[in-house]
Amino acid sequence: MAVRRSPSSTWTESRETGRGLIRVATALSESSSIHSDALYHLTRDVSVMGLDPLTSSTHRDQVWNEEAQSLLKVVSPAWSPKDGGEGLHFADGRRKVDYVLVFHQRRHVSQRSPASTSVSHDRLSVVSNGNFPPSEGKGNRESVSIGELFTELDSEGAEPADHDMHLVRQEFEANLLEAGLEIERDREVKSHGLSFTRLHAPWPVLCREAEFLKIKVPTKTRYELKEEGAFSSSVSSVWRKLKQPFQPKVPHQDHGATKFLTHCFSRERLHLYNITSKDTFFDNATRGRIVYEILRRTICARSCQTIGVTTLIAKGVYDAAFPLHDGDYKASGDPEERNDRQVLHEEWARYSAFYKYQPIDLVRKYFGEKIGLYFAWLGVYTQLLVPASIVGIFVFGYGVATVDTNIPSLEMCDERFNFTMCPLCDGACDFWQLSTACGTARASHLFDNPATVFFAIFMSLWAVLFLEHWKRRQISLSFSWDLTGIEEDEEHPRPKYETVLLQKRQCKQKKKKKKNQATIEKLTWKDRLTGYCINVSSILFMFGLTFSAVFGVIVYRITVSALMAMSPDPETKSNVRVTVTATAVIINLVVILILDEIYGAVAVWLTELEIPKTETNFEERLVLKAFLLKFMNAYAPIFYVAFFKGRFAGRPGRYVYVFNDYRMEECAPGGCLIELCIQLSIIMLGKQLIQNNIFEIGIPKLKKLVRTLKDKGVAEKEAEEERPPQQWNLDYALAPFEGLTPEYMEMIIQFGFVSLFVASFPLAPLFALLNNIIEIRLDAKKFVTELRRPVAARAKDIGIWYNILSGMGKFSVIINAFVISFTSDFIPRLVYQYMYSHTGTMHGFIDHTLSYFNVSNFKPGTAPHNSHHGDVTVCRYKDYREPPWSADAYQFSKQYWCVLAARLAFVILFQNLVMFLSLLVAWVIPDIPKTIVEQLKREKKLLVDVFLREEKDKLQLIQSLFAKDAPFPLPGRYSTLPQCGDSGAGGPRARCRAASFGSSSRNENSRHTAV
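Residues numbered from 1 in each chain as written. Predicted model: local features only at pLDDT ≥ 70, side-chain atom pairs only at ≥ 80, totals over all residues. Heavy atoms only, no water.

## Some thoughts on the overall build of the protein
Threshold: Strands here mean DSSP runs of E at least two residues long; helices mean DSSP runs of H or I at least four residues long; both are numbered from the N terminus. Relative accessible area decides the class of each residue, using a 1.4 Å probe on protein chains only: under 20% of the type maximum gives buried, over 50% gives exposed, and in between gives partly exposed. What makes two residues a contact is simply this: any of their non-hydrogen atoms within 4.5 Å. The method behind every accessible area is Shrake-Rupley, applied with a 1.4 Å probe, and residues are considered shielded solely by the protein chains displayed.
Summing up its helical and strand segments, the protein has 34 helices and 17 strands in all. When burial is assessed residue by residue, the protein has 49% of its 1011 residues classed as buried. Within the protein, contacts between residues at least 6 apart in sequence are counted, and of these 79% link residues at least 24 apart. In the form shown here, the protein has an accessible surface area of approximately 50200 Å², with 58% of it arising from carbon and sulfur atoms.

In structure tokens, the structure reads:
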């Protein structure tokens, strides 16, 4: 079966005339159709004919050889090894390697024609659509046999599956040639190992694809940005001088007040663009993106009518596909001659550059807009943590300064009050004095003071300010990066979706015998019903697993507390609460870290079961599942301490028991807020330190060590052969880029620690700031030195993550309101001071919060067996209940209902106040800066002026042509097209050549495109 050609293409003429592939590729590149008819007919022919890829392989090989012979023509240039020394160019040293395909060659038996046996072993590569290295002592060779170019497997000795993959690669690369790409491959002399296929996009292909992708490029028109007033200009000048020491030293960075006017690329307007060199007009990231677009839409009928290199990688045809880095990241020589990767490594990916701003524009240029937006968002988040950290330090300092004057803690520490408290456990525990909890009370005041309420309100407004500031920053970046008005690229289906859809079509064809049946175009909800059911049940199961882990830690705390209370050692008894709290939090941290990794893998598996159609749908569903599971995992223990611990413990004489033997745990005498602070701080700090140091640093280094040991033999063999590693070898040894979801997820969970329970731990923003300063440089180092270069992906915003941040900001208002009102003692203190205090002060507050219990009302066996406090008739416990001598003994008192009403009123007031202030802030701060709006309007006006000037020049050119040749009057002033006369009576009308500006203007403006 031969590959069918489009009637509009120039393949037939090239094959008849025997011209080289370079001219064919150029002709293809000038085509105005992005989807060739040949690909469609090829797929349809295979599907209609029902050919099996493993049948009649001899005939197919012969056909493919004939096809490739007609496509390939190789000319030998003058070449030296130093031309491609860095591995960034083809063997000719001129054409860039824009993309690399990697596959593993299991068995390799070279089949060479007799003419090829005289080729020198110094020639390292075969180039298709281009040049072939010269041979010594022989004339230039005009062609290469297809067996030498494509054959990787011996058709008799190779396994059928490997041979079929070889044929798939043959067809795929032939289709890439048809799309206009140029290919270079290593001539492997070993029987197995890795093989690299290098791809290069010539200028015509870049122009064609840039036009279809609507890539914005700079024009020759440069305009000045809005001029500031005298005062604003002086302030900006001073501010720039102050920031100068913190700016990264990026060469050729434009900080001026001018900007190039940009427009979507068009091959008809090449004369308008600022083209100084065809090799550098499209940067490496854009070239890689263009080649990736060709790779992902190229059809390969031999692999079951699949589309794109992603599917081929999933099927094992290729091992990897990636663009190359810009050489080594270690700088040497003149600083002005550093490549972008070296500049990023020196000025961004080093811990010593922690005080500098990020070179966001260079990050975007090298990695693309999507990764650039992530680091810009992380930078904005880190910058705004500075004021939050300062306010948090002041709040903590206020607690430290007032701890010695806090009346409730002084009363609790004063032994003269002699508050005898009820036992903490049944039987083994004795009565105890409240003054022994003096340290807990003083520590609780550091975080539970009036300044905490102010800080909670401030952090709620801070979250709104952060989101508003990010929206403005995002709009500014969109303007400077020319992302305004871009359309989302059409995405191809994922490999799993294509496979399931193909299986469904095949099953449908087997069941129905009708020939003219409708083709199944997509999967329906019925096809995904099983996946949905498994998703729901699995998520519920994992929720139950999370709650079980929390309950298990609760049981551990209860049992260990009871066992330590029975110990005869008085020192052990005195340290029960500290020991149990610290060990329980550490266990919680270990469980959270383990379940975090499990939930991440399970979220990917559950998302695969839903069979999302595109990568965007897959990412959004994965983010929602992973966030939901990891949110519950990280915050479930904190929610328990904040809102449930001590609420259901009961009272003396009627406690709530677990397993009929162990009492439910109660809060410390100073309240649950100090325990919430301990829980939050240890989990937050431990999670950040362990994940940063072990998961993000240790595990990648361990994987790299394993890969190094695995490839040690191959490296030694290449060293013996004196073959220096090329850039594609070095990049393949790096870890593949797996997306930004883990990076965002880590920061989103941290944002929850900073915003949700910040009322209990004012130092959380400070620790988050210190972590993020390291995190930025750690992520930068990982992207620059440890990961393969990702494909530059366009993105207008951070996507679903903004919605998650906005939701967490609103949720934090509710959580902080309940923490202040129900977890802390802020509301009981206000109620006592303004309703029950005789002096209007806090004197007597501790006695007011303690209720009485008659020890004779203990259940049999629950009273202390051996008491060292003598004859105790009444003990105290923390609650608002009636005394035993009251008619309603041990029932909730009026004070309880007053405090409860005040707590609920505070929640409502706090929420409405903060929501109102948040809406006010969002209304005052516009989403789009005024300067950006004005500049966008100015750009549109300038574009209109440019096009009107072009039309005017076009009209003048037309008039000048007709003034020389035409004997009739010139067209009128308001005519936009020439009046073409007839060639004669009854004769055919002559085509007006001047009506097509594309041909005439290129000659007239040749100075613009002569590069």
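## A short note on the environment of Val813
Note on placement: Val813 falls in helix 28 (residues 800-823). When the C-alpha positions of Val813 and Met459 are compared, they lie 8.9 Å apart, and in sequence the two are 354 residues distant. Ignoring anything within four residues of it in the chain, the contact list for Val813 reads Ser460, Phe910, Gln911, Val914 and Met915.

## Some thoughts on the pattern of salt bridges
Heads up, the condition is: Definition used for salt bridges: Asp or Glu carboxyl oxygen within 4 Å of a side-chain nitrogen of Lys or Arg.
All chains considered together, the criterion is met by 34 salt bridges. The shortest N-O distance in the salt bridge between Asp92 and Arg94 comes to 3.7 Å. Owing to a relative accessible area of 6%, Asp92 belongs among the buried residues under this scheme. Between Arg95 and Glu182 there is a salt bridge, and its shortest N-O distance comes to 2.7 Å. Placement of Arg95 in the loop between helix 4 (57-71) and strand 1 (99-105) and of Glu182 in strand 3 (residues 182-186) is noted, with a sequence separation of 87 residues between them. You'll find Arg95 and Glu182 in the same group, each marked buried. If you follow the salt bridges from partner to partner, you end up with Asp92, Arg94, Arg95 and Glu182 in one network.

## Looking at the packing of helix 14 (residues 369-402) against helix 17 (residues 450-480)
Put simply, the test is: Orientation is described by axes fitted as lines to C-alpha atoms, over the contacting stretch for helices, and by angles from 0 to 180 degrees between their N-to-C directions. Oblique is the label for any angle not under 35 degrees, not over 145, and not in the 65 to 115 range, which are roughly parallel, roughly antiparallel and roughly perpendicular in turn. Crossings are assigned a handedness: left-handed for a near helix turned anticlockwise from the far helix by less than a right angle, right-handed for a clockwise turn. Here the term charged refers only to Asp, Glu, Lys and Arg, the term nonpolar to Ala, Val, Leu, Ile, Met, Phe, Trp, Tyr, Cys and Pro, and the term polar to all other amino acids, Gly among them.
Where helix 14 meets helix 17, the axes come as close as 10 Å, and the angle between the chain directions of the two elements is 160°. Classed by the angle they form, the pair helix 14 and helix 17 counts as roughly antiparallel. In this structure, the crossing between helix 14 and helix 17 has a hand that is right-handed. Grouping the amino acids of the contact of helix 14 with helix 17 by side-chain chemistry returns 23 nonpolar, three polar and one charged.

## Quick look at unusual backbone geometry
Phi is positive for Lys214, close to 55°, though the residue is something other than glycine. Mapping Lys214 onto the fold places it in the loop between helix 7 (203-213) and strand 5 (216-224). A positive phi is found at Tyr890, a non-glycine position, where the angle reads about 65°. Of note, Tyr890 is situated in the loop between strand 17 (874-878) and helix 31 (894-924).

## Quick notes on the environment of Ala792
Residue position: Ala792 is located in the loop between helix 27 (764-786) and helix 28. Judged by relative accessible area, Ala792 falls into the buried class, the value being 10%. What Ala792 contacts, discounting residues up to four positions off in sequence, is Ala285, Arg289, Phe367 and Gly368.

## Some thoughts on helix 22 (residues 615-643)
Worth spelling out the cut-off: Residue count minus one, scaled by 1.5 Å, sets the expected span of a helix. A residue's bend is the angle separating two fitted axes: one through the seven residues that end there, the other through the seven that start there.
Between its first and last C-alpha, helix 22 extends 39 Å over 29 residues, near the 42 Å set by a 1.5 Å rise per residue. Tyr635 marks where helix 22 bends most, by close to 45°; the proline Pro637 follows one to four residues later.

## Thoughts on a nonpolar patch on the surface
Applicable threshold: What makes a patch is a set of residues exposed beyond 30% relative accessible area and free of salt bridges, joined within 9 Å when like-charged and within 5 Å when nonpolar (Val, Leu, Ile, Met, Phe, Trp, Tyr).
On the surface, a cluster of nonpolar side chains totalling about 350 Å² of accessible area is made up of Ile586, Val590, Ile594 and Ile598. If you trace the backbone, Ile598 turns up in helix 21 (residues 576-609).

## Some details on the packing of aromatic side chains
Spelled out, the test is: Stacked, tilted and edge-to-face pairs are distinguished by plane angle, under 30 degrees for stacked and over 60 for edge-to-face with tilted covering the rest, among Phe, Tyr and Trp rings (Trp via its six-membered ring) whose centres lie within 6.5 Å. Any Lys NZ or Arg CZ that is within 6 Å of a ring centre and within 35 degrees of that ring's normal is treated as a charge sitting over the ring.
In the structure shown here, the tally under the stated rule is 51 aromatic pairs. Relative to Phe783, the ring of Phe367 lies with its centre 5.8 Å away and its plane at 75°, an arrangement referred to as edge-to-face. One end of the pair, Phe367, is in helix 13 (residues 360-367); the other, Phe783, is in helix 27, and 416 residues separate them in sequence. Of the two residues, Phe367 and Phe783, neither departs from the other in class, the shared state being buried. Their ring planes at 50° and their centres at 5.5 Å tell us that Tyr381 and Phe466 sit as a pair that is tilted. With Tyr381 in helix 14 and Phe466 in helix 17, the pair connects residues that are 85 residues apart, well separated along the chain. As far as the burial class goes, Tyr381 and Phe466 line up, both buried. The side chain of Arg169 reaches across the aromatic face of Phe103, ending 4.0 Å from its centre. Over the ring of Phe892 we find Arg881, and its NZ or CZ is 4.3 Å from the ring centre.

## What to know about the confidence of the model for the protein
Which entries qualify depends on this criterion: Across the chain, each position has a pLDDT score giving the predictor's confidence in that residue, from 0 to 100.
In this model, the protein carries an average pLDDT of 76, and 76% of its residues clear a pLDDT of 70 or more. Mean pLDDT values over the elements of the protein span from 33, in helix 34 (residues 1006-1009), up to 93, in helix 14. Note that pLDDT drops below 50 for residues 1-85; the model gives that stretch 152 contacts with residues more than four away or on any other chain. Throughout residues 108-158 the model reports pLDDT below 50, and contacts reaching past four residues in sequence, or to other chains, amount to 137 contacts.

## Here's the deal with the side chain of His345
Along the chain, His345 falls in helix 12 (residues 340-347). Among all residues touching His345, those that are not within four sequence positions of it are Tyr329, Arg350, Val784 and Thr785.

## Focus: the nonpolar core
Convention followed: What we call a nonpolar core is a set of buried Ala, Val, Leu, Ile, Met, Phe, Trp, Tyr and Cys residues that are connected through their side-chain atoms within 4.5 Å.
Formed by 115 residues in total, the largest nonpolar core has its most connected members in Trp377, Tyr381, Trp462, Tyr635 and Phe757. In terms of residue count, helix 22 provides more of this core than any other element does, 15 residues in total. Residue contacts for Tyr635: discarding those within four places in its chain leaves Ile749, Gly752, Phe753, Leu756, Phe757 and Met808. Counting residues in hydrophobic clusters, the runner-up holds 35 residues, among them Val168, Phe282, Ile290 and Ile294.

## Focus on helix 29 (residues 826-836)
Since the α-helix advances by 3.6 residues per turn, residues separated by three or four positions end up pointing in the same direction. Within the sequence span of helix 29, burial applies to Phe826, Ile827, Pro828, Arg829, Val831 and Tyr832. Next to the buried residues of helix 29 lie helix 17, helix 28, helix 30 (845-849) and helix 31.

## As for the environment of Thr310
Within the fold, Thr310 resides in helix 11 (residues 309-314). Sequence-wise, Thr310 and Arg297 are 13 residues apart; in three dimensions their C-alpha atoms are separated by 9.7 Å. Contact partners of Thr310, with chain neighbours within four places excluded, come to Tyr292 and Pro495.

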